[in-house]
Amino acid sequence: MIQIHISDSEMHEYSLGTSAGDVIRNVHGKKCGAVAALVDGVERDMSHELSDGQRIEPIIGDSEAGLYIIRHSTAHLLAQAVLEYYPNAKPTIGPPIENGFYYDFHMDPISDDELKKIEKRMKEISRENIPIVREEYDNAALREIFSENPFKIEIMDDKIEDGNGSSVYRQGDFVDLCRGPHVPTTAMLRWFKLTSTSTCYWKADASKESLVRIYGWSFASKDELQNHETLMREAAKRDHRKLGKDLQLFHIDEMVGQGLILWTPRGSIVRNQLQDFISNHLGRQGYHQVYTPHIGKLDLYRTSGHYPYYQESQYPPLVERDLMTKLADEGCSCGELSNRMDEGEIDGYLLKPMNCPHHIRIFTSQARSYRDLPLRLAEFGTVYRWEQSGEISGMTRVRGFTQDDAHLFVTEDQIAQEVLGCIELVQIIFGNLGMEDYRIRVGLRDPDSSKYVGEPEKWDKAEQACRDAAASLGVPFTEEEGEAAFYGPKIDFVVRDVIGREWQLGTVQVDYNLPERFDLSYTGADGEKHRPVMIHRAPFGSMERFCGVLIEHFAGKFPTWLSPTQVHILTISEKHKQYANEVACTLKNAGFRIELDDSDNTIGKKIRTHRAMQPSYMLILGDEESENQTVSIRNRSGEQSKGISIDEFVADLELEITSRSAHQSLVKGE
RNA sequence: GCCAACAUAGCUUAGCUGGUAGAGCGGCUGAUUUGUAAUCAGCAGGCCGGGAGUUCAAAUCUCUCUGUUGGCUCCA
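Predicted model only: the values in this text are computed from it and were never measured.

Visitor: Mind showing me how you'd approach the sheet that holds strand β9 (residues 133-137) here?
Guide: Within a sheet, neighbouring strands are paired by backbone hydrogen bonds and run either parallel or antiparallel to one another. Across the sheet, which stays open at both edges, the three strands sit in the order β9-β10-β11 with antiparallel pairing between neighbours. Looking at strand neighbours, the two that pair on one side only are β9 and β11 (174-177), the edges of this open sheet. Ignoring which end each strand starts from, the neighbouring axes of this sheet average 30 degrees apart. Pairing between β9 and strand β10 (residues 166-171): five bridges, direction antiparallel.

Structure below.
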């Protein structure tokens, strides 16, 4: 007999050879939802044989650990189905991920129809209730089992030490190298859906074999799967690409170019308001606003080190026409041209991929003393980067974008304080917009790498400054080694979009590199030359990405101060045209963004149409209102206030806008 | 850039295995004068993303280019 701990206070006695599953079924019942067991703190299969004195707990399917196991097992189920249809496919790795799993196969690409077929077969296998069995082998036996699959052999080479052996899991004819644990039978894998296919490379290395990746969702219950599907559908509705079209905020035109945003009048209002908002803060924080051109000479970028090093992510250089003609006459080939440009024999201009070099040349335009520092130069600067075509997406990943950029030239002693000032600005903005679902990432250098410029002591100091600044914010942050830029540590603000993808928005970066490359200096109190440190910062990241994220954040329902149109005035009948025009005039003069609809449609129809554009408020004007010189206010959720005087409405709206309130406060109810 | 899917009017879309396009919304014109999520009628919108090919015949099949979507990779 063996003694098994069920809880701190409870101990049961079982016969020798009792499995984890036996105990869990005995204690918690058959339908407790357990997929595996935690035995002395280690995850085990249900079939795991217990020994005397062990402590056991069930791992429930909808727990984090349970879902991990279910998703991992679903990946195996996928591999089983794939191998039935494509016996030559070589499974590589198949891990669980958020909401599901993927599995990479070395095989020919498959179509969506084939994906459906595979999913159908997975459901069948699930219903067949095939046991999933763990088997252990020594290294020689493992290599025999997977002799046909070089990828598995490579995994063994990497991960399994000599003489250790490992486990495999078998379900029907399918067997996979795996540490487990797994659910005991395919019947426990029911609530999944294959979502998409993709290609990737073995070990994420483009020089290695191309693999087919199949993605799926997997959950512990029907409800959870359906919830997730609903969530995804809801998310699609607030996708900024859809709303941008519906609300006429921006347009991307095939004829203009991929990843190049055309801001329409309504979208431009949102952008302008955000810029004003930042500009206000810049003044208060002692920034100077500057303007610089969209291009600069190649030499500028040779000095900064961005040309030719980051050439593949830049638009190609512009070369003067006369020079081009001359080179053409000489029979200069494209490759030759490129080489001569790299080497600096030929000059040209580059669309600026960042604003720093321009700002640096403003710094060097005068002799600077320590009394000038910190010098803070800000610009809404538009930059151009040649992103890979497959990566471009809506407003969040584009080829031309405007950064709310600034560069601070500071002494080393000023770093900590200035970094703090920068992240406070980010916090003010995020806080005002009600964006709370973000994380702060402090990017530190990777201690094992040599790619970083600057002396270690300076790095230590700068990293500590970033860490301190982040800590002083009172919100959680992560420190991530290797996330620093090569020239200095940074603090990033990362938000998630509606479908869970993360986007880096605001960023604050400490830079020792560019001051060195451009040989920047200021005269200290001691009369000696000193090297300043630069801080790059962009609280929004870019206007494009930020607006994209903001559209999704508000689901198109912008707070009044940002709303492209704030008030839509709707008449009930022709009789009220005159009054409506008077109200419209008053509101326009008060500086509000309004739209007037005195067409002969029914009021129901007008409300329905205007709702689509999401104005903050609609004013309904009929007999009652025109007789009493009042307005009837309707907010976005359809609540109304009647009989409000125009003066009161103007005053209240004014307040809501100037306070940049995130909430609609004008409808007070009956 | 790679893999898959997709591209029909301003928007949303129908069009099965080839026989050269239908609808709703929106727009315009009338009628209607309306009290909180669609009043009625008429009219005008399409080289079916561009180009090439197969065919007596292509929105439909093939190739190619452009763009979009989901991933991969990348992101100073």
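So that's the structure; there's more coming.
Visitor: Even after reading the chapter, I still don't get the side chain of histidine 240, so can you show me in this structure?
Guide: On the secondary structure map, histidine 240 appears in helix α7 (residues 240-246). What makes histidine 240 buried here is its relative accessible area of 2%. Contacts of histidine 240, omitting those with residues within four sequence positions, involve Phe250, Gly394, Met395, Thr396, Gly548, Ile551 and Glu552.

Visitor: Where do I start with the domain arrangement of chain A in this structure?
Guide: Partitioning chain A into domains gives domain 1 (2-60), domain 2 (65-234), domain 3 (263-294 + 352-554) and domain 4 (567-658). The centre of domain 1, based on its C-alpha atoms, is set 54 Å off from the matching centre of domain 3.

Visitor: Help me understand the protein's contact with RNA strand B in this model?
Guide: Close to RNA strand B lie 54 residues; Gln258, Ser389, Glu391, Asp600 and Arg608 are nearest. Those atoms of RNA strand B that come within 4 Å of the protein belong to sugar or phosphate at a rate of 48%. At 2.4 Å from a phosphate oxygen of RNA strand B is found a side-chain nitrogen or oxygen belonging to serine 389. One of the side-chain N or O atoms of arginine 397 is found 2.9 Å from a base oxygen in RNA strand B. Going through the elements one at a time, β12 (191-201), β13 (210-219), α7, α18 (603-611), α19 (623-628), β31 (630-635) and β32 (640-645) are the ones with two or more residues in the surface near RNA strand B. Tallying contributions element by element places α18 first for the surface near RNA strand B, with six residues. By residue class, the composition of the surface near RNA strand B is 14 nonpolar, 21 polar and 19 charged.

Visitor: I'm lost on α18 in this one. Help?
Guide: Where α18 is concerned, the buried positions are Lys606, Ile607 and His610. Viewed along the axis of α18, the buried residues span an arc of 100 degrees, placing them on a single side of the element.

Visitor: Is there a simple way to explain the pattern of salt bridges in this structure?
Guide: Applying the stated criterion to the full structure yields 39 salt bridges. Of the charged contacts, one joins arginine 397 and glutamate 387 as a salt bridge, the two residues approaching to 2.7 Å between their closest N and O atoms. With arginine 397 in the loop between β19 (375-384) and β20 (400-410) and glutamate 387 in the loop between β19 and β20, this residue pair connects regions lying ten residues apart in the sequence. Residues joined in a network through salt bridges with shared partners are Glu412, Asp413, Glu455, Lys458 and Lys461.

Visitor: Would you mind going over the packing of helix α2 (residues 64-85) against helix α3 (residues 112-127) with me for this structure?
Guide: Each packed pair of helices is defined by two parameters, the angle between the axes and the distance between the axes. Following both chains from N to C, one finds α2 and α3 inclined at 115 degrees, their axes separated by 9 Å at the closest point. If you check the angle between α2 and α3, you find them roughly perpendicular. Judged by the twist between their axes, the crossing of α2 over α3 is right-handed. On the side of α2, the interface is formed by Thr74, Leu77, Leu78, Gln80, Ala81, Val82, Glu84 and Tyr85, while α3 contributes Lys117, Ile118, Arg121, Met122 and Ile125.

Visitor: Please explain the packing of aromatic side chains as it appears in this structure.
Guide: For any pair of aromatic rings, geometry is given as the distance between the ring centres together with the angle between the planes. For the structure shown, the criterion picks out 14 aromatic pairs. With a centroid separation of 5.0 Å and 80 degrees between ring planes, the pair formed by phenylalanine 430 and tyrosine 438 is classed as edge-to-face. Ring centres of phenylalanine 430 and phenylalanine 493 lie 5.7 Å apart, and the angle between their planes is 75 degrees; this geometry places the pair in the edge-to-face category. Residue phenylalanine 430 is found in helix α13 (residues 415-432), and its partner phenylalanine 493 is found in strand β23 (residues 490-496); the two are separated by 63 residues along the sequence.

Visitor: Which parts of the structure should I look at to understand the pairing of strand β21 (residues 438-444)?
Guide: As a general feature of sheets, a regular strand has side chains that alternate between the two faces. Across the seven residues that make up β21, a large majority, six, are buried. With six bridges connecting them, β21 and β23 associate as antiparallel partners. For isoleucine 440, the partnering residue across the bridge sits in β23 and is phenylalanine 493. Examined bridge by bridge, β21 and strand β22 (residues 477-481) share five bridges and lie parallel to one another. Of the residues in β22, the one forming a bridge with leucine 444 is glutamate 481. Once the chain exits β21 it traverses helix α14 (residues 456-471) before rejoining the sheet at β22, and the crossover so formed is right-handed.

Visitor: Would you mind going over the sheet that holds strand β27 (residues 533-538) with me for this structure?
Guide: The strand order across the open sheet built from eight strands is β16-β19-β20-β27-β24-β23-β21-β22, with neighbouring strands paired in mixed fashion. On the outer flanks of this sheet lie β16 (288-289) and β22, each paired with one strand and no other. The pairing of strand β24 (residues 502-511) with β27 spans five bridges and is antiparallel. Paired with glutamine 509 across the two strands is histidine 536, which belongs to β27. Where helix α8 (residues 265-284) meets the sheet, it contacts β16, β19, β20 and β27, and its direction lies at approximately 160 degrees from that of β19.

Visitor: I keep staring at the packing of helix α17 (residues 577-589) against helix α20 (residues 646-658) and nothing clicks. Help me out?
Guide: In the contact formed by α17 and α20, the axes pass within 11 Å of each other and the chain directions differ by 35 degrees. You can see that α17 and α20 cross each other, and the crossing is right-handed. For the pair formed by α17 and α20, the contact residues are Tyr579, Val583, Thr586 and Leu587 on the first element and Ile646, Phe649 and Val650 on the second. Class assignment for the residues of the contact of α17 with α20 results in six nonpolar, one polar and no charged.

Visitor: Please clarify how a positive patch on the surface should be interpreted in this entry.
Guide: Together, Lys557, Lys605, Arg608 and Arg611 give the surface a local cluster of positive charge. Counting through the fold element by element, lysine 605 comes out in helix α18. In this structure lysine 605 comes out as partly exposed when scored by relative accessible area, which is 43%.

Visitor: I would appreciate a short explanation of unusual backbone geometry in the present structure.
Guide: Backbone geometry follows two general trends: most residues other than glycine have a negative phi, and most peptide bonds adopt the trans configuration. The omega angle of the peptide bond from leucine 373 to proline 374 is -5 degrees, so this bond is cis rather than trans. Looking at where proline 374 falls in the secondary structure, it is placed in the loop between α12 (356-363) and β19. The phi angle at glutamine 614 is positive, at roughly 55 degrees, despite the residue not being glycine. Along the chain, the position of glutamine 614 falls in the loop between α18 and β30 (617-621).

Visitor: What is the right way to look at the environment of isoleucine 130 in this model?
Guide: Its location among the elements puts isoleucine 130 in the loop between α3 and β9. Accessibility expressed as a relative area gives 14% for isoleucine 130, which makes it buried. For the pair isoleucine 130 and glycine 172, spaced 42 residues apart in sequence, the C-alpha to C-alpha distance is 6.5 Å. Each residue touching isoleucine 130, except ones within four places of it in the same chain, is listed here: Gln80, Ile125, Gln171, Gly172, Pro184, Thr185 and Thr186.

Visitor: Hey, could you run me through the state of the cysteines in this one?
Guide: Here, disulfide denotes a covalent bond that connects the sulfur atoms of two cysteines. For the structure on display, the rule yields zero disulfides. The closest cysteine sulfur to the non-disulfide-bonded cysteine 466 is located on cysteine 422, 10 Å from its own sulfur. Looking at cysteine 466, the relative accessible area reads 0%, which means it is buried.

Reading the values: rules and limits
- Residues numbered from 1 in each chain as written.
- Chains lettered and ligands numbered in written order.
- Predicted model: local features only at pLDDT ≥ 70, side-chain atom pairs only at ≥ 80, totals over all residues.
- Heavy atoms only, no water.
- Pairing = 2+ DSSP bridges.
- Helix = DSSP H or I, 4+ residues; strand = E, 2+ residues; numbered from the N terminus.
- Axes fitted to C-alpha atoms, helices over the stretch in contact; angles between N-to-C directions.
- Buried < 20%, exposed > 50% of the residue type's maximum accessible area, 1.4 Å probe, protein only.
- Contact = heavy atoms within 4.5 Å.
- Domains from an automatic or database assignment.
- Near = heavy atom within 4 Å.
- Polar contact = N/O pair within 3.5 Å; in protein donor to acceptor, adjacent residues only side chain to side chain.
- Nonpolar A, V, L, I, M, F, W, Y, C, P; charged D, E, K, R; others polar.
- Arc of directions from axis to C-beta.
- Salt bridge = Lys/Arg side-chain N within 4 Å of Asp/Glu carboxyl O.
- Parallel < 35°, antiparallel > 145°, perpendicular 65-115°, else oblique.
- Left-handed = near helix turned anticlockwise from the far one by under 90°.
- Phe/Tyr/Trp six-rings, centres within 6.5 Å; stacked < 30°, edge-to-face > 60°.
- Right-handed = clockwise from strand over helix to strand, strands pointing away.
- Patch = residues over 30% accessible without salt bridge, like charges linked within 9 Å, V, L, I, M, F, W, Y side chains within 5 Å.
- Areas by Shrake-Rupley, 256 points an atom, 1.4 Å probe, with all protein chains shown as cover.
- Lys, Arg positive; Asp, Glu negative; His and termini not counted.
- Charge placed at Lys NZ, Arg CZ, Asp CG, Glu CD.
- Disulfide = S-S within 2.5 Å.

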